[in-house]
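Here is how the chains run, residue by residue.
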Amino acid sequence: MKQLPPDTVRLLSSSQVITSVLNVVKELMENSLDAGASSIDVKLENYGLDRIEVRDNGVGIKAADAAVMAVRHFTSKICSHEDLESLETYGFRGEALGSICAVAEVAVTTKTEQEDVSTQYTLDLTGNIVSQKPSHLGQGTTVSVAKLFKNLPVRRQYYSSVKKRKEELRKVQELLVAYAIVKPHLRLLLLHNKVVVWQKAKVADDRSALLAALGPAAVANLLPCHHRHEEPEIFLEGFFPKPGSDYSSTSSSGPEKTFIFINNRPVQHKEIMKLLRQHYTAQYADDTARNRYPTLVLKVTVSPSSVDVNLTPDKTQVLLQNKEVVLTALEALLISLYGFRPSPDPSVKNQEAAAAPSEQTDGPHVNGEESVKSDNNDSRLSDTVCQISNTSSSSSVADDWIEASQRCNQATERSSTSESPEKAADDKPPAPDARKEISAEEWSQGTALTDPVSREPLRPVVIHQPSKIAGSDSDAAPSKKPLSAITEKPAALTAYDLISSRAARAPLSPAALFQKETRAQVLRDKPSASLQDISVAVQERWKNLREEERKKYEQKAQKHLEHYDQKARLASAGEPGGSPARSHVQGQKRKAPPSNQQLLDQLFSTQPQRKKKSPAPKPWRPLPCSVAALRLQLQRLSSRQSGAAPRGLRLVNRLASQSAWVILCGQRLMLLNPFRVEEALLFKRLLENNILPAVSLQRPIQLTDGNLGGAEFTRTLCDMQKQSPELNGDVVFSDPRLVANGFKIKLSPGKAKTTLIQYVTAMADCVPFLGTEDLREILTAVLHRKAKTVRECRPLKITNYLQGEAVRLARQLPSGLSRDDVEETVQRMEQQLGESSRTCIHGRPFLHHLLDVPSTDRQAQALVKPLEL
């Protein structure tokens, strides 16, 4: 026998811990949660095989701990095995990050609150640091995992199919949903190939987290429930389906929406799942509900010392020390919610009915008469039951039932005495002792407690069944219709029919034609009317329509029907209904793409390829250059122009390859990009002077307080500059802040001569989706920011449009600008932009500093360094 090498041992053990993309994401997320993170971003590339990045805003990793942060069995969670009895973190082994390093390339970027800058560490296969460099990220930790399973080709081959990869992405999303439910204050984001797949914001409570994770449709049928057990201390809480609700909306075919948490850890527990399914599906008689999983959330809180989480590598399965007590408490909660679970065997039913008192606690129970009430009563009862916390132990169960039977006996005796005093005096049974000892045999057989009147054993639940009426059809077995069969023809839901593989407009009825023409008129008369009001108004007008007008619409409908029948006859006769040229165009095949055969021959050719001749070297020659000579020349220039006014920027020369200019600004040599300057100058000129052409609207838009945002905006618009009134009383706004932004607004008198109505009669069509919201932006700038100029009133859409126009115009400039053009550009830059605004539209600077020109010989010699051979 031989000892395995350390690398082989590390790879074998790591491949057991890290088995999938889901394991990597789960381990890194649990590390982030243990670090106190309130925001976690998970980014995947190629379903996580190429790259997995988990970023959080936790406390970060100290620089002293960075050297061993990925070394196996180094952890800050526990110090010894005894710490597992008080474990409050998700991780504790200290082998997750080291195992990931053995099967992928890992880089960790972290920063604590005390550190000034974050540091990126690159790790090797053993988890040791290979290199480190500063980073720009903020507080927290970012773990980047690249080339997962690079040294496990079989494991990587498993994810070769698209179906497997999509299944893994779905599991990652389900993991994030589970943590989103148990951590309401946690913000989560999942991206795949830079596309947002799922996200959740911070919320206040568990119900809001459930709404964000599952949606309002699923949460509407869930009830909040809780249950407490004292010895040992167990607390159950969660959201369960309402009793009697439709199982299609409260269950699914898989267990992905059944969330079980033990001490806030998402786990898979077969016995708990079995118990939940049994009590949920027992309330439905349909066989299809037997195989479904309820949509619910169950949180079990027990002492950390009574849970063993070190069972599987992924920590999704746990061992409970008091498993039977937990299951009993859970069953008591489910019985109080759904009632006793029926069993197909009558003997089993009687045993469960007799054994039910030993499982139930002090909480309220559902008797037999209440169990056969309507669904509404069941839901109200469940609401009441679920909100009461049951706090009793199993030792006092028998006493509780004895006290309940005593109260029942006393109530029965009082009622019988009031009805027949003489009979009650003669036949009064002896009062049983409340504290009589009950044998185990009587208790198990259900004969311990008897009814004082009928002398029959007292049962906690009595199932009442309706008596069958003779001659009724209830005896016959109900016929089951196949779910896939269509029993009725559905109504037509589309306005088009398919005739000869083409969509044809379905014929409209006279009422539909009238509605189509009248809806616009009703909306024009009442712009604030709702859809229901419009439909009612149209129906009223159709009822009150004159006979002559109604005949016109009937004639139009008849023409539509004839045209439709003609198309149908042509299709049935075999004619396509289109021109030969059109059918010929549809029958044409696509042109094949150009062949890449030459490139393929070069790649897969077995013959040795000839090496291409290297291009001839370009002619060159050295030019003498001296910094001292440059300094002397600059001194001469400065002394020559000592009497003149000093200039800010002076051109030196142009770099032909980059279309940039070297300029001198005092004693600094800088690089100037004139095209960025032209962009900024053009954008400034467009903001100030450009007038967007307005195009007349077919239907003017009426302006009201509702679409402008309030009466104050309407008053602001009325106070703006207007032209003189026309002959018909219309007044056109001439304010440049409106006209330059492409709005033509007219003020017209209404039906009442005292009212004036504002209309937008023309708008600029060069800006996409320009509307009344942009007009509201202009009025907001005038009202709140006291904007006086056109530049201050530009809406965001128009500003972005003018930026694009400035870039387009700047790109039309010649690539090689002359010296005179650049000097003019620099002069306009200094006059119009000033010293503060020296960046282009995209935020890039005009000038880049190269070096400072030395003023003394010593500084010049310090710049000239000899070559080190």
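Residues numbered from 1 in each chain as written. Predicted model: local features only at pLDDT ≥ 70, side-chain atom pairs only at ≥ 80, totals over all residues. Heavy atoms only, no water.

### Things to note about the overall build of the chain
Line of reasoning, step 1. Of regular secondary structure, the chain possesses 30 helices and 27 strands.
Line of reasoning, step 2. Expressed as a percentage of its 869 residues, the buried residues of the chain come to 35%.
Line of reasoning, step 3. Total accessible area on the chain stands at roughly 54,900 Å², and carbon and sulfur atoms take up 52% of it. (Helix = DSSP H or I, 4+ residues; strand = E, 2+ residues; numbered from the N terminus. Buried < 20%, exposed > 50% of the residue type's maximum accessible area, 1.4 Å probe, protein only. Areas by Shrake-Rupley, 256 points an atom, 1.4 Å probe, with all protein chains shown as cover.)

### Describing the environment of T142
Line of reasoning, step 1. Mapping T142 onto the fold places it in strand β6 (residues 140-146).
Line of reasoning, step 2. The class for T142 is buried, based on a relative accessible area of 6%.
Line of reasoning, step 3. Residues T142 and G58 lie 84 residues apart in sequence; the distance between their C-alpha atoms is 9.9 Å.
Line of reasoning, step 4. A polar contact is formed between the side chain of T142 and the side chain of R55, at a distance of 3.3 Å. (Polar contact = N/O pair within 3.5 Å; in protein donor to acceptor, adjacent residues only side chain to side chain.)

### Concerning the side chain of K299
Line of reasoning, step 1. Along the chain, the position of K299 falls in strand β15 (residues 296-301).
Line of reasoning, step 2. With relative accessibility at 10%, the residue K299 sits in the buried group.
Line of reasoning, step 3. One polar contact links K299 to D206, side chain to side chain, over a distance of 3.4 Å.
Line of reasoning, step 4. Residues within four places of K299 in sequence aside, it is in contact with I181, V182, D206, F235, L236, E237 and F261. (Contact = heavy atoms within 4.5 Å.)

### Considerations on the pattern of salt bridges
Line of reasoning, step 1. Scanning the entire structure with this criterion turns up 24 salt bridges.
Line of reasoning, step 2. Note that R187 is salt-bridged to D41, the shortest N-O span being 2.7 Å. Of the two residues, R187 is situated in strand β7 (residues 187-192) and D41 in strand β1 (residues 39-45); the sequence distance between them amounts to 146 residues.
Line of reasoning, step 3. Judged by its relative accessible area of 27%, R187 is partly exposed.
Line of reasoning, step 4. Salt bridges here are not isolated pairs; linked through shared partners, they connect K43, R51, E53 and R55. (Salt bridge = Lys/Arg side-chain N within 4 Å of Asp/Glu carboxyl O.)

### What to know about helix α29 (residues 819-833)
Line of reasoning, step 1. If you check α29, its first and last C-alpha atoms are 20 Å apart, about what 15 residues at 1.5 Å a residue would give, namely 21 Å.
Line of reasoning, step 2. When we look at burial in α29, the residues that qualify are V822, T825, V826, M829 and L833. All buried residues of α29 project into a common sector of 95° when viewed along the axis, lining one side. Facing away from the buried side of α29 by over 90 degrees, the exposed positions are D820 and Q831.
Line of reasoning, step 3. Remark: G834 follows α29 within two positions and exhibits a positive phi of approximately 80°. (Expected span 1.5 Å × (residues − 1). Arc of directions from axis to C-beta.)

### Quick look at the packing of aromatic side chains
Line of reasoning, step 1. A complete count under the given rule lists seven aromatic pairs for this structure.
Line of reasoning, step 2. Ring centres of Y247 and Y284 lie 5.5 Å apart, and the angle between their planes is 70°; on these two criteria the pair is classed as edge-to-face. Residue Y247 is found in helix α8 (residues 247-250), and its partner Y284 is found in the loop between α9 (270-281) and β14 (293-294); the two are separated by 37 residues along the sequence.
Line of reasoning, step 3. Given a relative accessible area of 10%, Y284 falls into the buried group.
Line of reasoning, step 4. For the pair F514 and W542, a centre-to-centre distance of 5.3 Å together with 45° between the ring planes defines the contact as tilted. Placement of the pair is F514 in helix α17 (residues 510-525) and W542 in helix α18 (residues 531-543), with a sequence separation of 28 residues. By the burial criterion, F514 is buried, and W542 matches it.
Line of reasoning, step 5. Each member of the aromatic cluster is reached from another via a ring pair, and the members are Y247, Y280 and Y284.
Line of reasoning, step 6. The ring of W542 carries the charged tip of R550 above its face, separated from the ring centre by 4.4 Å. (Phe/Tyr/Trp six-rings, centres within 6.5 Å; stacked < 30°, edge-to-face > 60°. Lys NZ or Arg CZ within 6 Å of the ring centre and 35° of its normal.)

### A look at the sheet that holds β1
Line of reasoning, step 1. A sheet is described by the order of its strands in space; here eight strands give the open sequence β5-β4-β3-β6-β2-β1-β7-β8, paired in mixed fashion. Taken across any chain shown, the strands that pair with only one partner, and hence form the sheet edges, are β5 (129-135) and β8 (195-200). Across this sheet, the average inter-strand angle for adjacent strands is 15°, counted without regard to direction.
Line of reasoning, step 2. Here β7 runs beside β8; their pairing, made up of five bridges, is antiparallel. Its bridge partner lying in β8, L191 is registered against V196. (Pairing = 2+ DSSP bridges. Axes fitted to C-alpha atoms, helices over the stretch in contact; angles between N-to-C directions.)

### Regarding the nonpolar core
Line of reasoning, step 1. By size, the foremost hydrophobic cluster in this structure holds 57 residues, and its most contacted members are V25, I40, V42, I52, V145, L148 and L176.
Line of reasoning, step 2. Of all the elements, helix α5 (residues 162-182) adds the most residues to this core, at ten residues.
Line of reasoning, step 3. Among the domains, domain 1 (6-195) and domain 2 (215-338) are the pair contributing at least three residues each to this core.
Line of reasoning, step 4. With residues up to four places along the chain from it excluded, the contact list for L148 reads V21, V24, G48, L49, I52, V103, A104 and R156.
Line of reasoning, step 5. Counting 34 residues, the second largest nonpolar core, distinct from the first, contains L87, L275, L334 and Y338. (Core = buried A, V, L, I, M, F, W, Y, C linked by side-chain atoms within 4.5 Å. Domains from an automatic or database assignment.)

### Considering the confidence of the model for the chain
Line of reasoning, step 1. Mean pLDDT over the chain stands at 76; residues scoring 70 or higher make up 71%.
Line of reasoning, step 2. Of the regions scoring below 50 in pLDDT, residues 468-494 engages in three contacts with residues more than four places distant in sequence or in other chains. (pLDDT = per-residue confidence, 0-100.)

### Quick look at the sheet that holds strand β27 (residues 847-852)
Line of reasoning, step 1. Taken together, four strands build an open sheet; the order of strands is β20-β21-β22-β27 and the sheet is antiparallel. Single-partner strands in this sheet number two, and they are β20 (650-655) and β27. Across the sheet, the mean angle separating the axes of adjacent strands is 25° when strand polarity is ignored.
Line of reasoning, step 2. Contacts between α29 and the sheet are confined to β20, β21 (660-665) and β22 (668-672), with β20 contributing the most and set at about 130° to the helix.

### A word on the packing of α9 against helix α10 (residues 323-338)
Line of reasoning, step 1. It is at 10 Å that the axes of α9 and α10 come closest, and there the two elements cross at 20°. One finds that α9 runs roughly parallel with respect to α10. For α9 against α10, the interelement crossing comes out right-handed. Between α9 and α10, the contacting residues are E271, I272, L275, L276, H279 and Y280 on the first element and K323, L327, L330, E331, L334, I335 and Y338 on the second.
Line of reasoning, step 2. Looking at the contact of α9 with α10, its residues break down into nine nonpolar, one polar and three charged. (Parallel < 35°, antiparallel > 145°, perpendicular 65-115°, else oblique. Left-handed = near helix turned anticlockwise from the far one by under 90°. Nonpolar A, V, L, I, M, F, W, Y, C, P; charged D, E, K, R; others polar.)

### Observations regarding helix α2 (residues 21-34)
Line of reasoning, step 1. Helix length check: α2 (14 residues) gives 20 Å between terminal C-alpha atoms against 20 Å at 1.5 Å per residue, within 8%.
Line of reasoning, step 2. Burial within α2 is extensive, with eleven of its 14 residues counted as buried.
Line of reasoning, step 3. All of the buried residues along α2 are V21, N23, V24, V25, K26, E27, L28, M29, E30, S32 and L33.
Line of reasoning, step 4. Immediately beyond the C-terminal end of α2, within one or two residues, lies G36, with a positive phi of roughly 80°.

### Remarks on unusual backbone geometry
Line of reasoning, step 1. A cis amide bond, omega -10°, links E231 with the succeeding residue P232.
Line of reasoning, step 2. Its location among the elements puts P232 in the loop between β9 (222-229) and β10 (234-241).
Line of reasoning, step 3. The backbone phi angle of K194 is positive, close to 65°, even though this residue is not glycine.
Line of reasoning, step 4. Here K194 is to be found in the loop between β7 and β8.

### Points about the side chain of D41
Line of reasoning, step 1. Overall, D41 belongs to the buried group, its relative accessible area being 16%.
Line of reasoning, step 2. For D41, the side chain forms a polar contact with the side chain of R187, separated by 2.7 Å.
Line of reasoning, step 3. Once you skip the residues sitting within four places of it in the chain, D41 turns out to touch E53, V54, R55, R187 and L189.

### Some remarks on the packing of α5 against helix α6 (residues 206-214)
Line of reasoning, step 1. At a closest axis distance of 8 Å, the pairing of α5 and α6 adopts a crossing angle of 160°. Overall, the two elements α5 and α6 adopt an arrangement that is roughly antiparallel. Handedness of the crossing formed by α5 with α6: right-handed. Contacts from V177, A180 and I181 in α5 reach D206, A209, L210, A213 and L214 in α6.
Line of reasoning, step 2. Looking at the contact of α5 with α6 residue by residue, the class counts come to seven nonpolar, no polar and one charged.

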